[in-house]
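Coordinate inspection notes
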Amino acid sequence: MIALEKRPQPSRGWTYATPILAVILTMICGGLLFAALGKNPFETIRTIFLDPLFSEFAFYYRPQLLIKGAPLVLIAIGLSFGFRAGIWNIGAEGQYIVGAICGAAVGLAFYPTESIFIFPLMVLAGAIGGFVWAMIPGVLRVKFGTNEILVSLMLVYVAEQLLASMALGALRNPEGMGFPGSRNLAQYDAASSWIDQSIGMHWGVVSAFIAVIFAYVALSRHIFGFHVRLAGQSPRAARFAGVNPGALILICMGLSGALAGLAGLFEVAGPAGQISIDFNIGYGFTAIIVAFLGRLHPIGILLAGGLMALTYIGGEIAQSNLGLPLAAIQMMQGMLLFFLLAVDVLTNYRVRFGQGKPA
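So, a few notes on the structure that sits alongside this text. (Residues numbered from 1 in each chain as written. Predicted model: local features only at pLDDT ≥ 70, side-chain atom pairs only at ≥ 80, totals over all residues. Heavy atoms only, no water.)

1. Some points on the overall build of the protein
Rules: Numbering goes from the N terminus for both helices and strands, where a helix is a DSSP run of H or I of at least four residues and a strand is a run of E of at least two. Only C-alpha atoms enter the radius of gyration, while the globule expectation follows 2.2 Å times N to the 0.38, with N the number of residues. A simple rule labels every residue: compare its accessible area, found with a 1.4 Å probe on the protein chains alone, to the largest value its type can have, and call it buried under 20%, exposed over 50%, or partly exposed in between. Whether two residues are in contact is decided by their heavy atoms: any pair within 4.5 Å suffices. Here, Shrake-Rupley sampling with a 1.4 Å probe gives the accessible areas, and only protein chains in the shown set may cover a residue. Charge convention: Lys and Arg are scored as positive, Asp and Glu as negative, and His as well as the terminal groups of each chain are ignored. Charge coordinates come from a single atom per side chain, which is NZ of Lys, CZ of Arg, CG of Asp or CD of Glu.
Counting its secondary structure elements, the protein contains 17 helices and 2 strands. Over its C-alpha trace the protein gives a radius of gyration of 22 Å, about what one expects of a compact globule, namely 21 Å for 359 residues. C-alpha atoms of the protein, sized along the principal axes, occupy 80 × 55 × 35 Å. The proportion of buried residues among the 359 residues of the protein is 48%. For the protein, long-range pairs separated by at least 24 residues make up 77% of all intrachain contacts whose partners lie at least 6 apart in sequence. Of the accessible surface of the protein, which amounts to about 17400 Å², a share of 67% is contributed by carbon and sulfur atoms. Charged side chains in the protein number 20 positive and 15 negative. The centres of these two groups are separated by 20 Å.

Okay, here's the thing in structure tokens:
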């Protein structure tokens, strides 16, 4: 008989081992999936996880890892505050989209003016857009007790329709021959940042590192971090300690929305370059995997964001070189979260083998 026995306290060793084990299991099952698709599993795994780091084109791919990982880290850092406090913002994808729309709208409003002040205004607008969008489920939760999971998730679909409307309507390039999409916005980031010109990166990468440092200090050295941890571990004890649950919900939702909005702005002003119908590629949902894979710890999130960016870059290489379908890459990314949730049971439970009790 196999039984799960609850540990007296969570295992510290398994807490750090389960993400590694989840990655290994994902590689194994991903290899089996690729073999079922008629691909060489060893070659495919090597292409996805090693080629971006060690191939002859690694010099080109390595900066791309930072660029791909930056929005994931920014969004996941924001989500981690709420998740630690038991506040489940699942709609970061919508906040990411709205932040990009608001920031792009500010930039396009000044077109064709070039000024060093435009990009900071775009950054501010992006953060405010994501913040406001996150406040909708936050306020509804505080005032009416609605479920923030459902509300934030449903708002993602509203944001997607808003994105399509903007790409086809108010923000469409009037010189674009009727095609959907806005004017190019990369000029604002390039004009405002020497980073973009010197090493091929953008302000989003810098902001991601700043967010990691800020989150680490806030969670480990500030009373706010103590309140967040206490609310997640024992809501009743948090109330006795003087924590205002409504205020904590609004702060965590607002913070995660603002960071998601910033991620959207940096993406639309950098790699994407314009508002388009297919601008969103699921960073808001992938960041949930990054947050949990990093154990909701800022340093862990930074490493997990790099790993997830590796699957994006490696997946693109596998698609072009091996003919691997995009759906297979996305399925492998989803496996990572499911395996993490599965093996995470070992943190709080130990497996016991023995004889079953007689009926």
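2. Thoughts on empty space enclosed by the protein
The condition that has to hold: Here a cavity means grid points, on a 1 Å grid over the protein atoms only, where a 1.4 Å probe fits yet cannot get out; a pocket means an open set of points with protein on both sides within 12 Å along at least five of seven lines; lining residues are those with an atom within 4 Å of a point. Grid points are joined across faces, edges and corners, and a volume is the space filled by probe spheres set on the points. Residues are grouped as follows: Ala, Val, Leu, Ile, Met, Phe, Trp, Tyr, Cys and Pro are nonpolar; Asp, Glu, Lys and Arg are charged; every other residue, Gly included, is polar.
Applying the stated criterion to the full structure yields 2 cavities of 30 Å³ or more. In this structure, the largest cavity occupies an estimated 70 Å³ of space. Secondary-structure elements contributing two or more residues to the lining of the largest cavity are helix 1 (12–36), helix 15 (298–322) and helix 16 (326–343). When grouped by side-chain class, the residues that make up the lining of the largest cavity number 7 nonpolar, 3 polar and no charged. What lines the second largest cavity is simply G78, L79, G82, F83, I87, N89, C252, M253 and S256. Within the residue set of the lining of the second largest cavity, elements represented by two or more residues are helix 4 (58–84) and helix 13 (245–269). The leading source of residues in the lining of the second largest cavity is helix 4, at 4 residues. A class-by-class count of the residues in the lining of the second largest cavity yields 5 nonpolar, 4 polar and no charged.

3. Quick word on the pattern of salt bridges
Let me state the cut-off plainly: Between Lys or Arg on one side and Asp or Glu on the other, a salt bridge is scored when a side-chain nitrogen of the former is within 4 Å of a carboxyl oxygen of the latter.
Tallied over the entire structure, the rule returns 7 salt bridges. The salt bridge partner of E316 is K68, with a shortest N-O separation of 3.2 Å. Of this pair, E316 sits in helix 15 while K68 sits in helix 4, and the two are 248 residues apart along the sequence. In this structure, E148 engages R141 in a salt bridge whose closest nitrogen and oxygen atoms are separated by 2.8 Å.

4. Comments concerning the packing of aromatic side chains
Keep this limit in mind: Only rings of Phe, Tyr and Trp enter the pairing, Trp through its six-membered ring, and a pair is recorded when the two centres are within 6.5 Å. The plane angle decides the type: under 30 degrees is stacked, over 60 is edge-to-face, the rest tilted.
Evaluated as defined, the whole model comprises 9 aromatic pairs. Here the aromatic rings of F83 and F292 are separated by 5.2 Å at their centres, their planes lie at 15 degrees, and the arrangement is stacked. Taken as a pair, F83 in helix 4 and F292 in helix 14 (residues 283–293) lie far apart in primary sequence, 209 residues in all. Between Y96 and F279 the ring centres are 5.3 Å apart and the planes differ by 10 degrees, which places this aromatic pair in the stacked class. With a gap of 183 residues between them, Y96 in helix 5 (residues 92–109) and F279 in the loop between helix 13 and helix 14 connect regions that are remote in the sequence.

5. Some thoughts on the environment of M135
Take M135: it is sitting in helix 6 (residues 118–144). Remark: the alpha-carbon pair of M135 and R84, spanning 51 residues in sequence, is separated by 18 Å. Setting aside anything within four residues of it in sequence, one finds M135 in contact with L250, M253 and G254.

6. Some details on the layout of surface pockets
The volume enclosed by the largest pocket comes to roughly 1200 Å³. Lining the largest pocket are 35 residues, and of these T15, G294, R295, L296 and H297 sit closest to its centre. Looking at the lining of the largest pocket, the elements with two or more residues in it are helix 1, helix 4, helix 10 (203–221), helix 11 (223–233), helix 14, helix 15, helix 16 and helix 17 (345–348). Each pocket or cavity is described by its volume, and for the second largest pocket that value is around 370 Å³. Forming the boundary of the second largest pocket are 15 residues, of which I281, Y312, L326, Q330 and Q333 lie nearest the centre.

Function-wise, these values are silent; they only describe arrangement.
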